[in-house]
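Okay, here's what each chain looks like letter by letter:
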Amino acid sequence: ETADSNTVDETSDRMDQSTLRPLDPCGPGYTDNPDPVSHSSSMLMSIIFHILDPDESSVEISHHLLKISRETQTQPPVQQASSSAETTTTTTTSTSTTTNNDWFYFRALQCRRFIGNPLADVLCLPVHPNLKKRWMLWIASTLYLVALRVYTLAVMFIPPFRRRTLRFHKN
């Protein structure tokens, strides 16, 4: 048995669970004999296989990674109960959920722009259902990519900016 087959077995075991382990390609792995090199190699192979031949686990992994969100400082969720003759349901609404959904849709849009629509459709990456929000996210995505490009070009071609940036990132 090689480390790659062990990783595949562990991945299928993890898919059965409701939560996924953190993906750390530089970590020691999940075996008794940790080896960061073989772990990172098997992680790279797994990523390549998920891109070349996506399946249900690829969809689950991509959505899991896109749903990881920053912690928001909001008020606790407000419980709203609605009852009918047959059942009583409780729905939870909060600003945090809306914000996290917007971040998920933003990340899905960024991913869709990087990998292209055909692969994004296979991975079931959603677009925001609200057309106005979809356009706002697209504009925010474009501004983000333009700002990243301007920053990169400024570091490459403006020496004073390069020096300041290097000093900033060293600390």
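Residues numbered from 1 in each chain as written. Predicted model: local features only at pLDDT ≥ 70, side-chain atom pairs only at ≥ 80, totals over all residues. Heavy atoms only, no water.

1. Comments concerning empty space enclosed by the protein
With a probe scaled to a water molecule rolled over the atoms, the places where space remains empty come into view.
1) Next: In this structure the tally under the stated criterion is 1 cavity of 30 Å³ or more.
2) Next: Each pocket or cavity is described by its volume, and for the largest cavity that value is around 50 Å³.
3) Next: Tyr105, Leu109, Pro126, Val127, His128, Arg134 and Leu137 together form the lining of the largest cavity.
4) Next: Contributing elements (two or more residues each) for the lining of the largest cavity: helix 4 (95-115) and helix 6 (131-157).
5) Next: Here the residues of the lining of the largest cavity are counted per class, giving 5 nonpolar, 1 polar and 1 charged. (1 Å grid on protein atoms, 1.4 Å probe; cavity = no way out; pocket = protein on both sides within 12 Å on 5 of 7 lines; lining within 4 Å. Points joined across faces, edges and corners; volume = space filled by probe spheres on them. Helix = DSSP H or I, 4+ residues; strand = E, 2+ residues; numbered from the N terminus. Nonpolar A, V, L, I, M, F, W, Y, C, P; charged D, E, K, R; others polar.)

2. Some points on a positive patch on the surface
1) Next: A cluster of basic side chains, namely Arg162, Arg163, Arg164 and Arg167, defines a positive patch on the protein surface.
2) Next: For Arg167, the location among the structural elements is in helix 7 (residues 159-170). (Patch = residues over 30% accessible without salt bridge, like charges linked within 9 Å, V, L, I, M, F, W, Y side chains within 5 Å. Areas by Shrake-Rupley, 256 points an atom, 1.4 Å probe, with all protein chains shown as cover. Salt bridge = Lys/Arg side-chain N within 4 Å of Asp/Glu carboxyl O. Lys, Arg positive; Asp, Glu negative; His and termini not counted. Charge placed at Lys NZ, Arg CZ, Asp CG, Glu CD.)

3. A look at the environment of Tyr151
1) Next: By secondary structure assignment, the location of Tyr151 is in helix 6.
2) Next: Residues Tyr151 and Thr165, 14 residues apart in the sequence, show an inter-C-alpha distance of 9.7 Å.
3) Next: Leaving out residues up to four positions away in the same chain, Tyr151 has contacts with Phe161, Thr165 and His169. (Contact = heavy atoms within 4.5 Å.)

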